[in-house]
Amino acid sequence: SRYYREVLPGEIVKISRYDVQTLDVVPRPEGDPSAFCIFEYVYFARPDSIFEGQMVYSVRKRCGQQLAVEAPVEADLVSTVPESATPAALGYAEKCGLPYVEVLCKNRYVGRTFIQPNMRLRQLGVAKKFGVLSDNFKGKRVVIIDDSIVRGNTISPIIKLLRESGAKEVHIRVASPPIRFPCYMGINIPTKEELIANRPEFLDLAKYIGADSVVYLSVEGLVSSVQESIKARQAIENSLKTQRSRAGKIGHCTACLTGEYPVELEW
């Protein structure tokens, strides 16, 4: 298989053995900017997916680099919870000039933890889900890059595990901003009350999850990481005056982070 092109927002495509045909493109209301879900880049999509002409892996790596600019820390090594945040961790390590070292390995014989019926079982599941590569970090200051912290349940037992296995310090850096608002666009985000960013514990999150420090990427940092190469490509296309040049505003939905929804909500 090979990459052909993206399906445009609102486009109906017919694929046959002979060709790819556009049957129709549902028009967007005049002046209504596009609002591609920014959390596709953060978490939902596979790293080899291509959206808006860019690979998700590359965007996640840029998020890690931006996080290193916004939230550096005195440490000995950078790692991650395998493996969705690995590109961001590599970007963070590269920008900070620190080695990227594996501290956890996945136990592939344990099932999904989030479907356990209560929090205690979920936390026990998380602890069993990973093996500890203690020789790699014993006596050292570790930065763990995560892609998002939603409820705060799963990172806590991991930090405890690292400390018990000899980590001197554990700093958490999150390659996305805090999720604060529900999504009405089709993504199943927990209720406002369940989100750690809306709970009193968030005021001292590091203490609550047992870390030495916790810093999230800013909304501006995420948006700039996502839009950087889109803007660069648009500038080239505009300068060449190509037919494929896409006029108009680049739009991404950040409602779960900011509460600003791309369409008016009807209650």
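See above for the structure.
Residues numbered from 1 in each chain as written. Predicted model: local features only at pLDDT ≥ 70, side-chain atom pairs only at ≥ 80, totals over all residues. Heavy atoms only, no water.

S.K.: Explanation requested: the packing of aromatic side chains in the structure shown.
M.R.: A full pass over the atoms with the stated rule returns seven aromatic pairs. Ring centres of F36 and F51 lie 5.0 Å apart, and the angle between their planes is 55 degrees; on these two criteria the pair is classed as tilted. One end of the pair, F36, is in strand β3 (residues 36-37); the other, F51, is in strand β4 (residues 50-51), and 15 residues separate them in sequence. Overall, F36 belongs to the partly exposed group, its relative accessible area being 26%. Ring centres of F202 and Y216 lie 5.7 Å apart, and the angle between their planes is 55 degrees; on these two criteria the pair is classed as tilted. Here F202 is found in the loop between β10 (169-174) and α6 (205-209), whereas its partner Y216 is found in strand β11 (residues 213-216), with 14 residues between them in sequence. These aromatic residues form a ring-pair network of at least three members: F36, Y41 and F51. (Phe/Tyr/Trp six-rings, centres within 6.5 Å; stacked < 30°, edge-to-face > 60°. Helix = DSSP H or I, 4+ residues; strand = E, 2+ residues; numbered from the N terminus. Buried < 20%, exposed > 50% of the residue type's maximum accessible area, 1.4 Å probe, protein only.)

S.K.: What's the story with the pattern of salt bridges in this structure? I'm lost.
M.R.: It is possible for side chains bearing opposite charge to pair when their charged atoms get close. For the structure shown, the criterion picks out eight salt bridges. Linking E201 and R199 is a salt bridge whose minimum nitrogen-to-oxygen distance equals 3.4 Å. Exposure remark for E201: the relative accessible area of 21% places this residue in the partly exposed category. (Salt bridge = Lys/Arg side-chain N within 4 Å of Asp/Glu carboxyl O.)

S.K.: What exactly am I supposed to notice about the pairing of strand β9 (residues 141-146) here?
M.R.: Regular strands place side chains that alternate from one sheet face to the opposite one. The buried fraction of β9 amounts to five of the six residues, a majority that puts the element mostly inside the structure. The sheet contact formed by strand β6 (residues 77-80) and β9 spans four bridges and is parallel. By the bridge assignment for β9, S79 is matched with I144. Read from β9 through helix α5 (residues 155-164) to β10, the crossover connection turns out right-handed. (Pairing = 2+ DSSP bridges. Right-handed = clockwise from strand over helix to strand, strands pointing away.)

S.K.: Looking at this structure, how should I read α5?
M.R.: Along an α-helix, residues three or four apart share an orientation, since each turn contains 3.6 residues. For α5, the tally of buried residues reaches seven of 10 residues, placing the bulk of the element in the interior. For α5, the complete set of buried residues consists of I155, S156, P157, I158, I159, L161 and L162.

Interpretation in functional terms is not warranted from these geometric data alone.
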